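# A look at the structure
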Amino acid sequence: MTAIDPQTLDNEARRARRFARINKADAWFRVFGLAWLTPILKAAAGDNPRAQAGEIWRLLGVPLMAIAVFLLLWGTLAPKVQTSLGAVPGPVQVWEQVGALQADAAREQQKAAAFYERQEARNAEHIANGDTDRVRNRAYTGKPTYYDQIWTSIKTVFFGFLIASIVAIPLGIAAGLSVTANAALNPLIQIFKPVSPLAWLPIVTMIVSAVYTTNDGMFSKSFLISAITVTLCSLWPTLINTALGVSSIDKDLVSVSRVLKMNTYTKITKLVLPSALPLIFTGLRLSLGVGWMVLIAAEMLAQNPGLGKFVWDEFQNGSSQSLARIMVAVFTIGIIGFLLDRVMYALQSMFTFSNNR
C-alpha cells in the first residue's frame with residue numbers, strides 16, 4: 001500500500017475547511033443578494049474554475065449585461081422624448097444630479113454648522129455679560145437635505161409597518177385558531193384590502209386633524225397621516241399570511257397540545273408561532289413592500305417632508321433639472337425597497353428554517 005504524504009493530507013484538510021466556510025457563508029450571500037460571491041471564492045480556492053466561471057457568468061455577468069443594455073437603450077432613446085420640462089434625461093444627466101444633490105446637502109450642513117456656531121458664540125457672550133435670561137437654544141430650520149428626506153421616509157414607513165404588525169399578527173393568530181374569528185374578519189379583509197391609499201388619505205387626514213390638535217407633540221401631523229395611511233394599506237398581507245400559517249399547523253401537534261393541556265398562552269408561544277413563523281415573515285416582507293410603495297403617494301399628498309414630497313416639489317418646480325432629480329428619487333426608492341426586503345429576509349433566515357425567498 002502506498003503511503004500518503006502527511007503534507008498532502010494537511011493540505012486537503014485545509015482545503016476542505018476552506019470550502020466548508022465558503023458553503024456556510026453562501027447562505028448569507030444569498031440572503032443579501034450576493035450569491036455571485038460564492039463561485040468567485042470557490043474558483044479562487046481551486047474548485048473546478050471552469051464550472052465556477054459558468055456560475056459567475058450566470059449570477060453576475062448576465063445581470064451586469066442586462067443593466068448595460070438597459071443603460072444603453074435609456075441613453076439612446078431618452079433624448080428623443082421631449083416633455084414640458086425638456087428632453088427626458090439620460091443616465092449621464094441623472095448621475096450629474098446625484099452629485100448636485102450631494103453638493104446641496106454639503107452646503108446645507110455647512111449652513112447648519114455656521115448657525116450653531118453663531119448661536120453658541122452669542123450665548124457665550126450673554127453668559128459672560130451676566131444676561132443668562134437672554135440665552136436661547138434654537139434648532140436650525142433650514143430646508144431638509146435629500147438625505148434628511150430619505151431618513152424621514154424610512155422612519156415613516158417603519159412606524160406605519162410596526163403599527164400594522166402589532167395589529168395584524170394577533171388578529172391573524174385569532175383568525176387561524178378560531179373559525180368564528182376567521183368568519184368575522186374575512187369580510188372586512190375582502191372589503192378593505194383593495195382600497196387605494198388615495199382613498200384612505202382624506203379620511204385619515206380629517207381624523208388626525210380632529211384628534212391630534214397639539215402643535216408641539218412628539219410627531220407632526222403630516223408624519224402621522226402618512227404613517228397611518230401606510231398602516232391601513234400594509235397590514236393585510238401580514239394578517240392573511242399569519243392566519244394561513246396558523247391554520248396550516250400540523251393537526252397532530254394540535255392534538256398533542258390538547259393532551260398536554262396547554263393553556264392558550266403556552267400554545268401560542270410554544271406551538272403556534274414557531275410553526276407559523278415562515279408564513280408570518282412572508283407576510284411581513286409583503287407588508288413592508290406594500291407600505292414602501294404606499295408611502296410615496298401618501299407623502300406627496302400629506303406633504304410629509306420625505307421622498308414623496310421631494311418628488312412632488314420637483315414636479316411643481318418645473319426647472320430643467322427637475323425631471324433628472326425625480327429619476328434620482330425613483331432609483332433611490334427602488335434601491336431602498338430592495339434593501340428593506342433583504343433586511344426582512346435576513347431576519348426571516350435568522351428566526352426560521354424556511355428557504356423561501
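Above this text is the structure in question.
Predicted model, so just to flag it, every value in this text is computed and none were measured.

### Things to note about the packing of helix α6 (residues 179-192) against helix α8 (residues 221-247)
One way to put it is that α6 packs onto α8 with a least axis distance of 11 Å and a crossing angle of 145°. In this structure, α6 meets α8 at a crossing whose hand is left-handed. Of the residues in α8, those in contact with L188, I189 and F192 of α6 are W236, L239 and I240. Here the residues of the contact of α6 with α8 are counted per class, giving six nonpolar, no polar and no charged.

### Thoughts on the pattern of salt bridges
A complete count under the given rule lists eight salt bridges for this structure. When the shortest N-O distance is used, the salt bridge between R285 and D341 registers 3.1 Å. Taken together, the residues R285 in helix α10 (residues 264-302) and D341 in helix α12 (residues 322-351) connect sequence positions 56 residues apart. According to the relative accessible area criterion, R285 is buried, its value standing at 13%. A salt bridge links D313 to K309, with the nearest nitrogen and oxygen atoms 2.8 Å apart. Of this pair, D313 and K309 both sit in helix α11 (residues 307-317), four residues apart, which is roughly one turn of the helix.

### Structural notes on the side chain of S234
Here S234 is to be found in helix α8. Judged by relative accessible area, which is 0%, S234 ranks as buried. The residues touching S234, leaving out its near neighbours within four places in the chain, are A164, S287, V290 and G291.

### Here we look at unusual backbone geometry
Backbone geometry at Q303 places phi at a positive 60°, although glycine is not the residue there. For Q303, the position within the fold is in the loop between α10 and α11. Judged by relative accessible area, which is 33%, Q303 ranks as partly exposed.

### A short note on the environment of W57
Relative to the assigned elements, W57 resides in helix α3 (residues 49-77). For the pair W57 and P144, spaced 87 residues apart in sequence, the C-alpha separation works out to 42 Å. If we skip the residues at most four places from it in the chain, W57 touches V62, P63 and M65.

### Structural notes on a positive patch on the surface
Taken together, the side chains of R118, R122, R134, R136 and R138 present a region of like positive charge at the surface. Along the chain, R138 turns up in the loop between α4 (91-128) and α5 (146-177). According to the relative accessible area criterion, R138 is partly exposed, its value standing at 49%.

### Looking at α11
For α11, the full list of buried residues reads L307, G308, K309, F310, V311 and E314. On its buried face, α11 is in contact with α4, α5, α10 and α12. Once α11 finishes, G318 follows within two positions and takes phi at roughly 70°, a positive value.

### Some thoughts on the packing of aromatic side chains
Summed over all chains, the structure comprises twelve aromatic pairs. Taking 5.8 Å as the distance between ring centres and 40° as the angle between the ring planes, the aromatic pair formed by F70 and W74 counts as tilted. Of this pair, F70 and W74 both sit in helix α3, separated by four residues, roughly a single helical turn. W74 sits in the buried class, given a relative accessible area of 11%. Ring pairing ties together the aromatic residues F70, W74 and F331, which thus form one cluster.

What counts and how
Residues numbered from 1 in each chain as written. Predicted model: local features only at pLDDT ≥ 70, side-chain atom pairs only at ≥ 80, totals over all residues. Heavy atoms only, no water. Axes fitted to C-alpha atoms, helices over the stretch in contact; angles between N-to-C directions. Helix = DSSP H or I, 4+ residues; strand = E, 2+ residues; numbered from the N terminus. Left-handed = near helix turned anticlockwise from the far one by under 90°. Contact = heavy atoms within 4.5 Å. Nonpolar A, V, L, I, M, F, W, Y, C, P; charged D, E, K, R; others polar. Salt bridge = Lys/Arg side-chain N within 4 Å of Asp/Glu carboxyl O. Buried < 20%, exposed > 50% of the residue type's maximum accessible area, 1.4 Å probe, protein only. Patch = residues over 30% accessible without salt bridge, like charges linked within 9 Å, V, L, I, M, F, W, Y side chains within 5 Å. Areas by Shrake-Rupley, 256 points an atom, 1.4 Å probe, with all protein chains shown as cover. Lys, Arg positive; Asp, Glu negative; His and termini not counted. Charge placed at Lys NZ, Arg CZ, Asp CG, Glu CD. Phe/Tyr/Trp six-rings, centres within 6.5 Å; stacked < 30°, edge-to-face > 60°.

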